[in-house]
Amino acid sequence: MRQTNKVSMGRVVVGVATSAALALGTFVPVTVVAQENYIGTIEGPSTVTDVAQYPTTFQQSPSLDALVESGDLPPVEERLPVAEDILVIAPLDEPGTYSDRPIRRAFTGPGDGAAMRRMNRDTILFFSPDQTEITPNVAKSIEGNDDGTEWTLTLRRGMKWSDGEPFSADDFVFWYEHIVKHPDLGKSQVPVISVAGELGTVEKIDDVTVRYTLPAPNFLFPEALAGYTQISSHWTWGQALGGGGFAPAHYLEQFHPAFVDQAELDAKVAGSGFETWPLLFVDRNNATLNPDLPVVAPWKSVTAANEDVWVVERNPYYFAVDTEGNQLPYIDEVVSTLIGDIEAINLEAISGEIDYQARHLAVDKLPLFIQNQEKAGYKLYLDPAASGANAMIAFNMSYDADPVIAELFAQKEFRQALSLGVDREQINETFFLGIGTPGSIVPAEDNPFNPGAEFRTLWAEFDPETANTMLDEIGLTERDGEGFRLRPDGKRLTIEIGAVTGSFVNYPAIAEMIRQHWSTIGVDVIVQQMDRTLYSTRNAANENMMVLWDNGNSERLYSSPFNLFPSVGDSFMGPRWGEWFVSAGASGVEPSAEMKQIMADWSGAPALATDAERVAVGKKIWATMAEEVWNIGLVGLAPAVMGVRVAKTDLGNIPSRQLNNTDAMTPGISRPETFYWKQ
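Residues numbered from 1 in each chain as written. Predicted model: local features only at pLDDT ≥ 70, side-chain atom pairs only at ≥ 80, totals over all residues. Heavy atoms only, no water.

1. Brief notes about the sheet that holds strand β19 (residues 378–382)
Phase 1 of the analysis: An order of β18-β26-β19 is seen for the 3 strands of this open sheet, with the pairing classed as antiparallel. Each having just a single partner strand, β18 (356–357) and β19 make up the two edges of the open sheet.
Phase 2 of the analysis: Two strands pair when backbone bridges link them, and β19 and strand β26 (residues 644–648) are joined in this way by 5 bridges, in the antiparallel orientation. Note on β26: the bridge partner recorded for Leu382 is Val644.
Phase 3 of the analysis: Across the sheet, helix α12 (residues 366–376) touches β19 and β26, and the angle it forms with β19 is around 150°. (Pairing = 2+ DSSP bridges. Helix = DSSP H or I, 4+ residues; strand = E, 2+ residues; numbered from the N terminus. Contact = heavy atoms within 4.5 Å. Axes fitted to C-alpha atoms, helices over the stretch in contact; angles between N-to-C directions.)

Below, the structure is given as structure tokens:
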């Protein structure tokens with residue numbers, strides 16, 4: 001199902017930056033240039049599935065030769081799966097050459113683990129570059145039964161972990177039996193294999209066969225194993241409670257009471273600095289922090305992500321080769337340098353000190369990126385997302401600290417009026433350089449779930465006159481001496497907007513602009529800047545009143561519901577509604593009738609057997625979302641979040657455009673293990 005969008009860059013103002021201006025991240029406009037191939041065609045490497053086309057001889061990186069010659073590492077043929085079960089990848093442009101020159105990039109600290117999770121994909125299945133097909137990856141194949149309740153994986157014979165130990169069905173069963181089901185390590189709800197509190201099963205049929213039995217039909221299960229879900233990737237989710245999908249049993253058993261004498265385990269805990277064995281276990285299962293942890297991803301950590309320089313090196317047992325039999329990856333190391341300040345990361349990239357980066361680069365720096373390409377030896381690429389809101393305001397629909405505010409939020413007309421009170425064109429021109437699309441939160445018009453072009457502007461045009469009338473009609477007619485409306489209890493009507501900092505867009509500054517917009521309709525605003533940690537803490541406690549962030553990946557309707565309605569994860573539009581949904585009504589706060597219908601429609605869609613049926617449900621969900629305005633869309637369809645990308649000009653197999661969404665784990669969908677240095 002193709003889910004891309006069409007974006008026209010239009011014209012970009014480019015200036016000559018003085019050294020002082022560059023240091024400040026500003027520019028001096030001197031000319032205007034037209035778009036120059038910054039948005040290309042979605043492309044990427046492909047998976048070869050015809051065994052007759054598989055290579056019959058294999059090569060390795062020269063950096064491993066000495067280890068093989070000394071006997072410390074087996075020959076490459078013995079490190080790969082059996083010949084018929086190897087993953088063969090056809091690179092985008094051409095087979096590359098090996099290099100010990102690393103890829104240099106930047107990250108912001110241990111919490112920025114996604115910096116390498118997005119580069120280093122070990123999902124059970126994989127997406128084609130345009131996400132229209134599911135392809136093999138860790139698993140060789142998948143097969144489902146007629147009603148979508150039973151799915152069988154076939155693994156690769158002879159595949160190994162990065163330490164050379166066998167990778168098998170036992171690693172899936174260990175994850176299920178001793179992590180998911182353990183009360184101190186798992187969760188009552190594991191997304192995809194749990195339904196309404198009932199947990200599915202994972203069982204070993206033989207060493208290379210795993211069977212999932214689900215509590216309810218799910219014809220989208222293969223997508224879950226290819227995307228960003230807790231059951232799809234050990235590298236990404238191993239550090240999360242109940243996450244991973246599989247885990248290296250032979251290594252982790254030493255930290256688990258089911259396999260180790262309690263006294264021995266207590267001694268390990270005492271020497272680790274952790275208070276309990278579950279804390280130690282989760283830390284040891286974190287691929288970004290524990291270099292000793294075996295992985296099956298292309299690279300493995302050499303240093304940890306809590307150090308100033310985070311180095312990952314090639315996995316000598318990686319199970320993939322190119323069409324000429326060269327074991328991947330081509331590049332020995334990826335070196336990420338700690339740069340805690342987003343502005344500094346952008347300046348490093350602009351000056352050419354970064355080799356490849358698609359994270360933390362700001363859309364408002366586009367003039368500088370364009371201007372400095374040739375001098376700094378990189379090329380700029382733009383990857384617009386299909387999500388409707390690179391910036392949006394979410395009402396916390398379960399907010400209860402102030403009953404008056406809670407009652408106002410519950411009124412659809414109040415939410416609609418606030419949406420009409422926002423000048424999106426000004427936000428687009430100021431913070432997105434005019435290249436975004438103002439409007440509601442619905443996805444791109446060529447997204448299959450888009451409910452219709454008219455929903456882009458539904459309650460999403462700047463109309464302060466109508467907004468004022470609507471606020472009067474719901475009884476907010478009294479004002480104070482400064483012109484701000486008074487609540488029914490006589491207090492000034494003041495809304496708090498929590499603006500997340502350290503992100504891809506200057507959300508605090510956008511919130512300040514909205515404060516000015518809403519003052520014209522008599523609504524006062526307090527902007528609260530918060531980093532992601534504070535946001536998450538306040539969100540878990542149901543303390544955020546409104547949040548300004550993005551709804552990234554929402555175009556992938558059935559894999560990322562938390563940006564659409566309260567569900568699993570950070571449901572910033574109503575964490576207590578989300579708790580109600582996840583617990584099947586056992587706890588939390590019951591949502592409105594309209595929201596409950598969306599939750600029911602979404603939950604039932606995976607059981608529908610055809611794409612057409614699911615698309616019809618998706619259109620209905622988006623139409624309701626646009627009408628109800630639980631989220632105020634501001635500007636979307638821009639290359640703002642993960643969409644500004646730079647790569648050195650001598651780095652090969654770089655796609656001119658790649659899908660930009662969380663399921664794609666951009667740039668993971670482009671298989672960075674196939675990138676290579678041309679010189």
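Having seen the structure, we can now continue with the description.
2. Section: helix α14 (residues 412–420)
Phase 1 of the analysis: Of all 9 residues that make up α14, 7 are buried, and the element is covered over most of its length.
Phase 2 of the analysis: By the burial criterion, the buried members of α14 are Phe414, Arg415, Gln416, Ala417, Leu418, Ser419 and Leu420. (Buried < 20%, exposed > 50% of the residue type's maximum accessible area, 1.4 Å probe, protein only.)

3. So, the sheet that holds strand β25 (residues 631–636)
Phase 1 of the analysis: The sheet built from 6 strands is open, its strands ordered β21-β25-β20-β24-β22-β23 with mixed pairing. Whereas interior strands pair on both sides, the edge strands pair on one side only; in this sheet they are β21 (437–438) and β23 (524–530).
Phase 2 of the analysis: Pairing of strand β20 (residues 391–395) with β25, which is carried by 4 bridges, proceeds in the antiparallel orientation. Across the sheet, the residue bridging to Ile393 is Ile632, located in β25.

4. Some thoughts on the pairing of β26
Phase 1 of the analysis: In terms of residue burial, β26 counts as a mostly covered element, since 5 of its 5 residues are buried.
Phase 2 of the analysis: Judged from the 2 bridges that link them, β18 and β26 form a sheet pairing that is antiparallel. Looking at the pairing, Gln357 lines up with Val646 of β26.

5. A few points about the environment of Gly200
Phase 1 of the analysis: Here Gly200 shows up in the loop between β11 (198–199) and β12 (201–206).
Phase 2 of the analysis: Residue class for Gly200 comes out buried when judged on its relative accessible area of 2%.
Phase 3 of the analysis: Note: C-alpha distance between Gly200 and Asn506 (306 residues apart in sequence) is 42 Å.
Phase 4 of the analysis: Excluding residues that lie within four positions of it along the chain, Gly200 makes contacts with Tyr176, Ile193, Thr213 and Pro215.

6. Observations regarding the packing of aromatic side chains
Phase 1 of the analysis: Throughout the structure, instances matching the rule amount to 26 aromatic pairs.
Phase 2 of the analysis: Considering the side-chain rings of Phe565 and Trp602, the 5.5 Å spacing of their centres and the 70° angle between planes classify their relative orientation as edge-to-face. Of this pair, Phe565 sits in the loop between β24 (546–549) and α19 (575–582) while Trp602 sits in helix α20 (residues 593–604), and the two are 37 residues apart along the sequence.
Phase 3 of the analysis: We classify Phe565 as buried; its relative accessible area is 0%.
Phase 4 of the analysis: Its relative accessible area of 15% is what places Trp602 among the buried residues.
Phase 5 of the analysis: Here the guanidinium or amino end of Arg101 rests over the ring plane of Trp677, the centre of that ring lying 3.4 Å away.
Phase 6 of the analysis: Against the face of Phe126 rests Arg671, its NZ or CZ located 3.7 Å from the ring centre. (Phe/Tyr/Trp six-rings, centres within 6.5 Å; stacked < 30°, edge-to-face > 60°. Lys NZ or Arg CZ within 6 Å of the ring centre and 35° of its normal.)

7. Re the side chain of Thr149
Phase 1 of the analysis: One can find Thr149 in the loop between β8 (141–144) and β9 (150–154).
Phase 2 of the analysis: When residues no more than four places from it in sequence are discounted, the contact partners of Thr149 are Tyr212, Thr213, Leu214, Ala216 and Pro217.

8. Describing the environment of Glu43
Phase 1 of the analysis: On the secondary structure map, Glu43 appears in the loop between β2 (29–34) and β3 (46–48).
Phase 2 of the analysis: Once the C-alpha coordinates of Glu43 and Ser670 are considered, the two residues, 627 residues apart in sequence, prove to be 8.0 Å apart.
Phase 3 of the analysis: Non-local contacts of Glu43, meaning those with residues more than four positions away in its chain, are made with Leu92, Pro129, Ile654, Pro655, Ser656 and Arg657.

9. Overview of unusual backbone geometry
Glycine aside, the phi torsion of most residues is negative, and most peptide linkages are trans.
Phase 1 of the analysis: Residue Leu328 is joined to Pro329 through a cis peptide bond whose omega torsion reads 0°.
Phase 2 of the analysis: Here Pro329 lies in the loop between β16 (320–322) and β17 (333–338).
Phase 3 of the analysis: Here the residue pair Thr666 and Pro667 is connected by a cis peptide bond, since its omega of 10° sits within 30 degrees of zero.
Phase 4 of the analysis: Here Pro667 lies in the loop between β27 (651–652) and β28 (676–677).
Phase 5 of the analysis: The phi dihedral of Asn542 falls on the positive side, at around 65°, and the residue is not glycine.

10. As for the confidence of the model for the protein chain
In low-pLDDT regions, the fine details of the predicted coordinates are not to be read closely.
Phase 1 of the analysis: Confidence in the prediction of the protein chain, expressed as mean pLDDT, is 91, and 94% of residues score 70 or more.
Phase 2 of the analysis: Segment residues 1–35: pLDDT under 50, and 86 contacts once partners within four positions in sequence are set aside and those in other chains are kept. (pLDDT = per-residue confidence, 0-100.)

11. A few points about the nonpolar core
Phase 1 of the analysis: Ranked by size, the top nonpolar core spans 103 residues in total, and within it Phe432, Ile495, Ile510 and Trp518 carry the most contacts.
Phase 2 of the analysis: Top contributing element to this core by residue count: helix α21 (residues 611–628), with 7 residues.
Phase 3 of the analysis: Not counting residues within four places of it along the chain, the set of residues in contact with Ile495 comprises Ile405, Phe409, Phe414, Trp518, Val523, Asp524, Val525, Ile526, Met545 and Met546.
Phase 4 of the analysis: Trp161, Ala226, Ala297 and Ala664 belong to the second-largest nonpolar core, a separate cluster that totals 78 residues. (Core = buried A, V, L, I, M, F, W, Y, C linked by side-chain atoms within 4.5 Å.)

12. Topic: the packing of α19 against α20
Phase 1 of the analysis: α20 packs onto α19 with a crossing angle of 45° between their chain directions and a minimal axis gap of 12 Å. Between α19 and α20, the angle is such that the two are oblique. Remark: the crossing between α19 and α20 carries right-handed chirality. Residues Trp577, Trp580 and Phe581 of α19 pack against Met595, Lys596, Met599, Trp602 and Ser603 of α20.
Phase 2 of the analysis: The residue inventory of the contact of α19 with α20, partitioned by class, reads 6 nonpolar, 1 polar and 1 charged. (Parallel < 35°, antiparallel > 145°, perpendicular 65-115°, else oblique. Left-handed = near helix turned anticlockwise from the far one by under 90°. Nonpolar A, V, L, I, M, F, W, Y, C, P; charged D, E, K, R; others polar.)

13. Thoughts on the layout of surface pockets
Phase 1 of the analysis: Taken as a whole, the second largest pocket encloses approximately 300 Å³ of empty space.
Phase 2 of the analysis: In this structure, the second largest pocket is lined by 19 residues; those nearest its centre are Ile342, Ser503, Phe504, Val505 and Asn506.
Phase 3 of the analysis: Sorting the residues of the lining of the second largest pocket by element identifies α11 (342–350) and α17 (507–519) as the ones contributing at least two each.
Phase 4 of the analysis: Tallying contributions element by element places α11 first for the lining of the second largest pocket, with 3 residues.
Phase 5 of the analysis: Here the residues of the lining of the second largest pocket are counted per class, giving 9 nonpolar, 6 polar and 4 charged. (1 Å grid on protein atoms, 1.4 Å probe; cavity = no way out; pocket = protein on both sides within 12 Å on 5 of 7 lines; lining within 4 Å. Points joined across faces, edges and corners; volume = space filled by probe spheres on them.)

14. Overview of the pattern of salt bridges
Phase 1 of the analysis: Summed over the entire model, instances satisfying the criterion amount to 35 salt bridges.
Phase 2 of the analysis: For Arg492, the salt bridge identified is with Glu482, shortest N-O distance 2.9 Å. Remark: Glu482 occurs in the loop between α16 (464–473) and β22 (494–500) and Arg492 occurs in the loop between α16 and β22; sequence separation between them is 10 residues.
Phase 3 of the analysis: Beyond isolated ion pairs, a larger network of salt bridges with shared partners links Glu84, Asp85, Lys140 and Arg157. (Salt bridge = Lys/Arg side-chain N within 4 Å of Asp/Glu carboxyl O.)

15. Section: the environment of Gly604
Phase 1 of the analysis: Mapping Gly604 onto the fold places it in helix α20.
Phase 2 of the analysis: On the accessibility criterion, Gly604 (33% relative accessible area) is partly exposed.
Phase 3 of the analysis: In sequence terms Gly604 and Thr537 are 67 residues apart; their C-alpha atoms lie 31 Å from each other.

16. Some remarks on the packing of helix α15 (residues 424–431) against α17
Angle between the axes and distance between the axes are the two parameters that describe a pair of packed helices.
Phase 1 of the analysis: Direction vectors running N to C along α15 and α17 enclose 150°, while the axes themselves pass 11 Å from each other. Taken together, α15 and α17 sit at an angle that is classed as roughly antiparallel. The way α15 lies across α17 gives a crossing that is right-handed. When α15 is examined against α17, the residues Gln426, Ile427, Thr430 and Phe431 are found in contact with a partner set consisting of Ala509, Ile510, Met513, Ile514 and His517.
Phase 2 of the analysis: Considering only residue class, the contact of α15 with α17 consists of 6 nonpolar, 3 polar and no charged.

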